[in-house]
Amino acid sequence: MNDAAPDKRIVFEDVSKFYGEVLGVNRVNLSIPPGITSLVGPNGSGKTTLMNLMTGLVEPTRGRIRVLGLSPRQPEQLFRRLGYCTQYDSFPRGLTGYQFVYSYLRLSGRGHAEAEELAVQAIERVNLGEAAHRSIASYSKGMRQRIKLAQAICHNPTVLVLDEPLNGLDPLIRAETIALFRALAAQGLHLIISSHVLHEVDVISDQVVLLSNGYVVAEGEIRGVRDEIQEHPMQILIRCNNPGALASQVFLQDYVVEARLHHDGGGLLVKTRDADRFYLLLNRIAQNGIDIESVAPADDDVLSVYEYLIGTEEPSK
Amino acid sequence: MSFRGLPWALWRRQIVAVARLELKKTLLARRGLWIYILALAPVLLYAAHSFVMVKAGRRGNFGEDTHIFAAVFQFLYLRLVIFFGCVGIFTNLFRGEVLDKSLHYYFLAPLRRDVLLAGKYLSGLLAAAVIFSCSTLLQIVALYWYFNSNVVQDYLYHGNGLLHVAAYLGVTLLACIGYGSIFLAAGVLFRNPQIPALVVLLWETVSGVLPPLLQKCSVIFYLKSLCPVTVPGSITLDKSSLLALLAVNVSPASVVTAILGLLVLSVAVLALSSLRLRRMEIDYGVE
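Residues numbered from 1 in each chain as written. Chains lettered and ligands numbered in written order. Predicted model: local features only at pLDDT ≥ 70, side-chain atom pairs only at ≥ 80, totals over all residues.

Chemist: What am I meant to see in the overall build of chain B here?
Modeler: A count of helices and strands for chain B gives 13 helices and zero strands. What you see in chain B, going N to C, is helices and strands ordered as α-α-α-α-α-α-α-α-α-α-α-α-α. For chain B, the C-alpha radius of gyration of 21 Å lies close to 19 Å, the compact-globule estimate for 287 residues. In terms of principal-axis extent, the alpha carbons of chain B reach across some 65 × 40 × 40 Å. The long-range fraction of contacts in chain B, counting pairs at least 24 apart against all pairs at least 6 apart in sequence, stands at 87%. (Helix = DSSP H or I, 4+ residues; strand = E, 2+ residues; numbered from the N terminus. Rg over C-alpha atoms; globule rule 2.2 N^0.38 Å. Contact = placed C-beta atoms within 7 Å.)

Here is the structure:
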């Protein structure tokens, strides 16, 4: 992708991973330079497996992985330079948000004062300061997502691996989180972000790796694929307190193809040709009285976008 | 890297950090309540015995009660209470995290997995030692409280009483060390650690009739060797009875051999767990 030295890259050499007879990823060769790289593909395409491989949570059946020259089997060195915000929505029992981050820093061997300072900084950075001393069990999905992000960045890593980091975030927090990713990338970090929605990450990515059924089907700069998806409608589900009012506001936009109430009455399904502009619109609407709980791509349609992009049959889940 | 060049101070801090996190979970978890109840069961047994004796106005036989305590300690306390208590505490250290889908929290820290194992084992050991040592002390208090204080003081300060108490506490601690290592390994090596726990229970039960070499591969062999009071024949009925089989070591180990043997056994089992833990993958999907 560019000419950074091998010890500044994340390198997969002919990596395969099988779970018994089930394929995770197969024959992956990648060399990821600094900047924001998105792993995009539908559910079951191998994104999380790739991330788990580069962080040592699973071991490759075949091949070799190096993260900035380090083996994932050296956690004591690797995780001083790498932070991983996983997709697992589970936490050690009984911890507050602050304790979750603080304990992680203590596990890395830091003293109380340093761990406290870094934990507070990281929590402030994800705008969770007020809820820091509440039990994680009482957090909303978006707050849990942010506290995981705080844990991943608290030790100032060089590589940040983020598995579906925008899932469950409301539009305002989503915009802030994306701004944070940009700021981190500007500092020279590696950011590896997975998403099953290209729209979600294309605005921030330097490069993209497209995955299908455990294979890397395309990789390269984002610009090329971005133009292609502009014309292909994408479906988004917005959960909010007043879907009717939201529908009336979004339907005025020319890039909204369709808006219909979700069958449970608690959300609105929107088809749009321009997800970027639509997300910006949601930010404005959220500031004008409609309480938006969550924004999530509607999966079936994401799969169709994906099929469109890679020009194949629908990948099996 | 030489032995002296290893980052011992860092590892010590990390072990303490793991133990702090785990101790809270182990000692205060609602799902561990049954372990406290189990540990209190023999205390209640002795308290009830003492209460009945006082209520009936009967005077106890100090020597007889001491022998009964020795028998209950070996038959009930070591083999069942501490055994199953350690099953509950130690198998959950890793297995519980997998079921809660939270083990990745530790695996994503800059922490050697053997250091993680040491921290978790230490926390389990501290919890088990606190719970079961307190139970041992309370049992002794509950058994002897209805005796005249002069008799008890005479036993403690002029007889072997204090030595016996220290020995029972030592055996309790060693039982936690031995069974703890085995059940921690069961939680690391097996998806369902209850099955190996039952196999160990069976092994510990029949080990008394096995050849001497195989006896040494059981925890109870060393523990029985260290118990300060031999269970008399009047309690075990006759030499061929099951109780005699459970209680009597035909060729007990010396104190030093017993302590070293148990520690070596525990370290070997922990080393095996550590090897497995280094290759352990996070795959909650199969749970």
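Moving on from the model shown.
Chemist: How should the overall build of chain A be read in this particular structure?
Modeler: Looking only at helices and strands, chain A features eleven helices and 13 strands. Looking at chain A residue by residue over its 317 residues, the buried ones come to 47%. Within chain A, contacts between residues separated by at least 24 positions form 69% of all contacts whose residues are at least 6 apart in sequence. (Buried ≥ 20, exposed ≤ 12 C-beta atoms within 10 Å, placed from the backbone.)

Chemist: Can you walk me through the sheet that holds strand β12 (residues 267-272) of chain A in this structure?
Modeler: Backbone-to-backbone hydrogen bonds pair the strands of a sheet. The strands run either parallel or antiparallel. Residue and element names in this part refer to chain A. Read across the sheet, four strands follow the order β11-β12-β10-β13 without closing on themselves; strand pairing throughout is antiparallel. A strand with exactly one partner marks an edge of an open sheet, and here the two such strands are β11 (256-261) and β13 (292-297). Strand-to-strand, the axes of this sheet are offset by a mean angle of 20 degrees, without reference to chain direction. Relative to β12, strand β10 (residues 234-240) runs antiparallel, the two sharing six bridges. Opposite Arg 239, over in β12, you have Gly 267 as the bridge partner. (Pairing = 2+ DSSP bridges. Axes fitted to C-alpha atoms, helices over the stretch in contact; angles between N-to-C directions.)

Chemist: What am I meant to see in the packing of helix α2 (residues 33-56) of chain B against helix α3 (residues 62-100) of chain B here?
Modeler: For any two helices packed against each other, one specifies the crossing angle of their axes together with the interaxial distance. Residues and elements named next belong to chain B. Between α2 and α3, the shortest axis-to-axis distance is 10 Å and the interhelical angle comes to 175 degrees. Compared by their axis directions, α2 and α3 come out roughly antiparallel. Mapping the contact onto sequence places Trp 34, Ile 35, Leu 38, Ala 39, Ala 41 and Pro 42 in α2 and Val 72, Leu 76, Tyr 77, Val 81, Phe 84, Gly 85, Gly 88 and Ile 89 in α3. Of the residues contributing to the contact of α2 with α3, the split by class is twelve nonpolar, two polar and no charged. (Parallel < 35°, antiparallel > 145°, perpendicular 65-115°, else oblique. Nonpolar A, V, L, I, M, F, W, Y, C, P; charged D, E, K, R; others polar.)

Chemist: Looking at this structure, how should I read the interface of chain A and chain B?
Modeler: One frequent convention defines the size of an interface as the accessible area lost when the parts assemble. The partner chain B presents 24 residues to the 24 residues of chain A that form the contact. Residue composition of the side of chain A that touches chain B, by class: eleven nonpolar, eight polar and five charged.

Chemist: Would you mind going over the environment of A:Val256 with me for this structure?
Modeler: Residue and element names in this part refer to chain A. As for its placement among the helices and strands, Val 256 is situated in strand β11. Classification of Val 256 as buried rests on a count of 21 C-beta atoms within 10 Å. Separated by 15 residues in the primary sequence, Val 256 and Lys 271 place their C-alpha atoms 5.9 Å from one another. Every residue in contact with Val 256, bar those within four places of it in the chain, is listed here: Val 250, Phe 251, Val 270, Thr 272 and Phe 278.

Chemist: Please explain the domain arrangement of chain A as it appears in this structure.
Modeler: Taken domain by domain, chain A holds domain 1 (6-228) and domain 2 (231-309). Between the C-alpha centres of domain 1 of chain A and domain 2 of chain A the distance comes to 26 Å. (Domains from an automatic or database assignment.)

Chemist: Would you mind showing me how to read the pairing of strand β8 (residues 207-212) of chain A here?
Modeler: Note on strand geometry: in a regular strand, side chains alternate between the two faces of the sheet. Residue and element names in this part refer to chain A. Among the six residues that make up β8, five are buried, leaving the element largely enclosed by the rest of the structure. Taken together, the four bridges between strand β3 (residues 35-40) and β8 define a ladder with parallel strand orientation. Looking at β8, one finds that Val 40 is bridged to Leu 210. Relative to strand β9 (residues 215-221), β8 runs antiparallel, the two sharing six bridges. Among the inter-strand pairings, Gln 207 is bridged to a residue of β9, identified as Glu 221. Here β8 folds back onto β9, and the loop between the two strands holds two residues, one of which, Asn 213, carries a positive phi near 50 degrees.

Chemist: Would you mind going over the packing of helix α7 (residues 161-189) of chain B against helix α10 (residues 219-226) of chain B with me for this structure?
Modeler: All names here are of chain B. Between α7 and α10, the least distance of the axes is 10 Å, while the angle of their chain directions is 175 degrees. As judged from the angle between their axes, α7 and α10 are roughly antiparallel. Each of Ala 167, Gly 170, Val 171, Leu 174, Ala 175, Gly 178, Tyr 179 and Ile 182 in α7 lies in contact with α10, whose residues at this interface are Val 219, Leu 223 and Leu 226. Considered class by class, the residues forming the contact of α7 with α10 number nine nonpolar, two polar and no charged.

Chemist: Quick question: what am I supposed to make of the confidence of the model for chain A here?
Modeler: Detailed reading of the predicted coordinates is not advisable wherever pLDDT falls low. Across chain A, the average pLDDT comes to 85, with 88% of residues at 70 or higher. Below pLDDT 50 for its whole length, residues 312-317 of chain A participates in 13 contacts with residues either more than four positions away or in separate chains. (pLDDT = per-residue confidence, 0-100.)

Chemist: Explain the nonpolar core here, please?
Modeler: Counting residues in hydrophobic clusters, the biggest one holds 138 residues, and the most contacted among them are A:Val101, A:Ala119, A:Ala150, A:Leu191, B:Ile82 and B:Cys86. Looking at which element gives the most residues to this core, the answer is α3(B), with 17 residues. In this structure, A:Val101 is in contact with A:Ala119, A:Ala122, A:Ile123, A:Ala150, A:Gln151 and A:Cys154, ignoring residues within four places of it in sequence. Membership of the second largest hydrophobic core comes to 17 residues, among which are A:Ile238, A:Leu268, A:Ala275 and A:Phe278. (Core = buried A, V, L, I, M, F, W, Y, C linked by C-beta atoms within 7 Å.)

Chemist: Please explain unusual backbone geometry as it appears in this structure.
Modeler: Most peptide bonds take the trans configuration, and most residues that are not glycine carry a negative phi. At A:Asn213, a residue that is not glycine, the phi angle is positive and equals roughly 50 degrees. Structurally, A:Asn213 can be placed in the loop between β8 and β9. Under the C-beta neighbour-count criterion, A:Asn213 is labelled partly exposed, with 17 such atoms within 10 Å. Look at B:Lys101: it is not a glycine, yet its phi comes out positive at around 60 degrees. Counting through the fold element by element, B:Lys101 comes out in the loop between α3 and α4 (104-107).

Chemist: Could you clarify how one ought to interpret the sheet that holds strand β6 (residues 159-163) of chain A in this entry?
Modeler: Residues and elements named next belong to chain A. Sheet architecture is open: six strands sit in the order β5-β6-β7-β3-β8-β9, paired in mixed fashion. Either end of the sheet is taken by a strand with one partner, and the two such strands are β5 (82-85) and β9. Within the sheet, the average angular offset between the axes of one strand and its neighbour, ignoring direction, is 15 degrees. Along the sheet, helix α5 (residues 141-153) contacts β5 and β6; its crossing angle with β5, the most-contacted strand, is approximately 170 degrees.

Chemist: What's the story with the pairing of β11(A) in this structure? I'm lost.
Modeler: Residues and elements named next belong to chain A. Summarising the sheet, β11 and β12 pair through five bridges and their orientation is antiparallel. When the bridges of β12 are listed, Arg 260 appears paired with Leu 269. Between β11 and β12, which pair antiparallel one after the other, the connecting turn spans five residues, and Gly 265 there sits at a positive phi close to 80 degrees.

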